[in-house]
Amino acid sequence: MSERTELEELGEFGLIERLNPCQQVLNESTLLSIGDDAAAMSYGDKTVLVSTDALVEGVHFDMVYTPLKHLGYKACVANFSDIYAMNGRPTQILVSLAVSNRYSVEALEELYEGMRLACKKYGVDLVGGDTTSSSGGMFISITVLGEAEKDKVVRRNGAKVHDLVCVTGDLGAAYAGLLILQREKAAWLANPNMQPELKNFEYVVGRQLKPEAGKQIVEFFEQNSIMPTSMIDISDGLASEMLHICKQSDVGCELYIDRLPIDQRTSKVYEEFKILADTGALNGGEDYELLFTVSQSDYEKIKDHNNIHIIGHITDKSMGCNLVTPQNTTIALKAQGWNHYSKKEE
Ligand code: ADP
Ligand code: MG
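Everything numeric in this text was worked out from a predicted model, so none of it was measured.

A.B. asks: Can you walk me through the site of ligand 1 in this structure?
C.D. replies: Every residue close to ligand 1 is listed here: Phe13, Ile16, Pro21, Ile34, Gly35, Asp36, Asp37, Asp82, Arg156, Asp233 and Ser235. Within the contact set of ligand 1, an oxygen atom lies 3.0 Å away from a side-chain nitrogen or oxygen of Asp82. A distance of 3.3 Å separates an oxygen atom of ligand 1 from a polar side-chain atom of Arg156. Contact with the protein chains covers 63% of the free accessible surface of ligand 1, which is 560 Å². Classifying every residue of the shell around ligand 1 by side-chain character gives 4 nonpolar, 2 polar and 5 charged.

A.B. asks: Please explain the coordination of the magnesium ion (ligand 2) as it appears in this structure.
C.D. replies: Where a metal carries four tetrahedral donors, each ideal angle is 109.5 degrees; where it carries six octahedral donors, the ideal angles are 90 or 180 degrees. Coordination sphere of the magnesium ion (ligand 2), protein contribution only: Asp37 (OD), Asp82 (OD) and Asp233 (OD), at 2.0 Å. Site description for the magnesium ion (ligand 2): donor spacing in sequence, D-x44-D-x150-D. Placement of Asp37 in the loop between strand S1 (30-32) and strand S2 (39-43) and of Asp233 in strand S8 (residues 230-233) is noted, with a sequence separation of 196 residues between them. We classify Asp233 as buried; its relative accessible area is 1%.

A.B. asks: For this particular structure, what's the right way to read the sheet that holds strand S12 (residues 321-324)?
C.D. replies: Hydrogen bonds between backbone groups are what pair the strands of a sheet, and the pairing can be parallel or antiparallel. Taken in spatial order, the 7 strands make up an open sheet running S8-S10-S7-S11-S9-S12-S13, and their pairing is mixed. Two strands lie at the open edges of the sheet, namely S8 and strand S13 (330-332), each paired on one side alone. Geometrically, the sheet is characterised by an average inter-axis angle of 25° between neighbouring strands, direction not taken into account. Note: strand S7 (residues 164-168) against strand S11 (residues 308-315), 5 bridges, orientation antiparallel. Residue pairing for S11: Thr168 is matched across the bridge by Ile308. Relative to the sheet, helix H6 (residues 215-223) contacts S7, S8, strand S10 (290-294) and S11, its axis offset from that of S10 by approximately 20°.

A.B. asks: I'm lost on the pattern of salt bridges in this one. Help?
C.D. replies: Pairing between side chains of opposite charge can happen when the charged atoms of each approach one another. All chains considered together, the criterion is met by 23 salt bridges. The partner of Glu286 in a salt bridge is Lys74, and the shortest N-O contact between them spans 3.1 Å. Highlighted residues: Glu286 in the loop between helix H9 (277-283) and S10 and Lys74 in helix H2 (residues 68-84), separated in sequence by 212 residues. Note on Glu286: relative accessible area 9%, which makes it buried. For Lys74, a relative accessible area of 7% corresponds to the buried category. Overlapping salt bridges bring together Asp170, Arg207, Asp287 and Glu289 as one network.

A.B. asks: What should I look at first to understand a nonpolar patch on the surface in this one?
C.D. replies: Residues Val64, Trp188 and Leu189 make up a contiguous nonpolar surface patch of about 290 Å² in total accessible area. Structurally, the position occupied by Val64 is in the loop between strand S3 (46-56) and H2.

A.B. asks: Just checking my understanding: could you explain the pairing of strand S4 (residues 89-99) for this structure?
C.D. replies: Walk down a regular strand and you will see the side chains alternate between the two sheet faces. Where S4 meets strand S6 (residues 138-149), 10 bridges bridge the pair, whose relative direction is antiparallel. Pairing of Val99 across the sheet is with Met138, part of S6. Strand direction decides the pairing type here: S4 and strand S5 (residues 125-133), joined by 8 bridges, are parallel. Residue pairing for S5: Leu97 is matched across the bridge by Thr131. Note on the crossover from S4 through helix H3 (residues 105-122) to S5: the handedness is right-handed.

A.B. asks: Can you help me understand unusual backbone geometry in this one?
C.D. replies: One can expect most non-glycine residues to show negative phi and most peptide bonds to be in trans. Phi is positive for His162, close to 85°, though the residue is something other than glycine. Within the secondary structure layout, His162 lies in the loop between S6 and S7. Although it is not a glycine, Asn200 sits at a positive phi angle of roughly 75°. Position of Asn200 among the secondary structure elements: in the loop between helix H4 (173-190) and helix H5 (202-209). Judged by its relative accessible area of 65%, Asn200 falls in the exposed class.

A.B. asks: Would you take a moment to explain H5 for this structure?
C.D. replies: Given 3.6 residues per helical turn, the α-helix brings residues three or four places apart onto the same face. Here H5 has its buried residues at Val204, Val205, Arg207, Gln208 and Leu209. Buried positions along H5 lie against H2, H4 and helix H8 (264-272).

Reading the values: rules and limits
Residues numbered from 1 in each chain as written. Chains lettered and ligands numbered in written order. Predicted model: local features only at pLDDT ≥ 70, side-chain atom pairs only at ≥ 80, totals over all residues. Heavy atoms only, no water. Near = heavy atom within 4 Å. Polar contact = N/O pair within 3.5 Å; in protein donor to acceptor, adjacent residues only side chain to side chain. Areas by Shrake-Rupley, 256 points an atom, 1.4 Å probe, with all protein chains shown as cover. Nonpolar A, V, L, I, M, F, W, Y, C, P; charged D, E, K, R; others polar. Donors = N, O, S within 2.8 Å, 3.2 Å for Na, K, Ca; no water. Helix = DSSP H or I, 4+ residues; strand = E, 2+ residues; numbered from the N terminus. Buried < 20%, exposed > 50% of the residue type's maximum accessible area, 1.4 Å probe, protein only. Pairing = 2+ DSSP bridges. Axes fitted to C-alpha atoms, helices over the stretch in contact; angles between N-to-C directions. Contact = heavy atoms within 4.5 Å. Salt bridge = Lys/Arg side-chain N within 4 Å of Asp/Glu carboxyl O. Patch = residues over 30% accessible without salt bridge, like charges linked within 9 Å, V, L, I, M, F, W, Y side chains within 5 Å. Right-handed = clockwise from strand over helix to strand, strands pointing away.

Structure below.
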């Protein structure tokens, strides 16, 4: 009998490793293949970046609380974020859509209104795609193209011992928003006459439904001649993304729990749900902030930026990947993240 391995045994990243889709690069123009936020290709003086992301109804979004306009916007932003994570600029997208006849034309117009809004704000052209029917629900796949100067691409693998670890914005908000939306959905299912209670939760719900990507930070790097040594966007949670950088850069890290940037409005939600805000900030997904490392010599350039927070530093690999508590004890950094297939911690 042939062997059968369950998807959950491998998890999302284990699965990609096992499938090993790109065993051999055949084209000289392929600079960078699987393993980073985007692939990179050489075309003249420019490096072309490309990345793709799919959103599946019932897995990534729930039509009960996701306005289609927001969904269109978010689907685009999630893709732009992967290009910024390479220190590039998104330029075009292609949109593939599978929809069941449960959706009206007007509903899909809303979806595209959101995509157009995102494209306009980020200066991206929607240049094509594909449309097909689906036997159930909606599936959106977006491919984004972007560009960077040849020597400006920032990968996940360049972090060096003593580098500073930085994050933009604040963490854990999008997951806090999801908790609120799920709670209101459960209450609505129990009593369809009730109105959702979203007052006081606008910030976190907004971060869940309508995230933004790191355009301004990448522009700030350019204007101030800063080249991060490594970078990744936070789609699966800080802990998971930090471990990716450490693994690919062959280094360790120390992150200070009391330096994690958490908005008060986010902490309040975690308090209500009896979840430690630090846990939410480390493992909550979909914030689309940037996590990057810079050389200590760039400290002066970043220290006064009100949206960049230094949360730790890179150590030798032999030290491992650790969190430092306010009491100065050390605990191992673990990813609980959003590993689609896995039941285990990574
Ligand atoms: P991100 O979170 O930045 O979108 P992922 O974790 O989805 O990145 O993917 C990690 C890497 O694996 C990327 O380089 C991506 O292109 C690649 N990858 C993911 N799924 C597949 C697949 N089914 N086939 C080939 N490559 C894949
Ligand atoms: Mg990414």
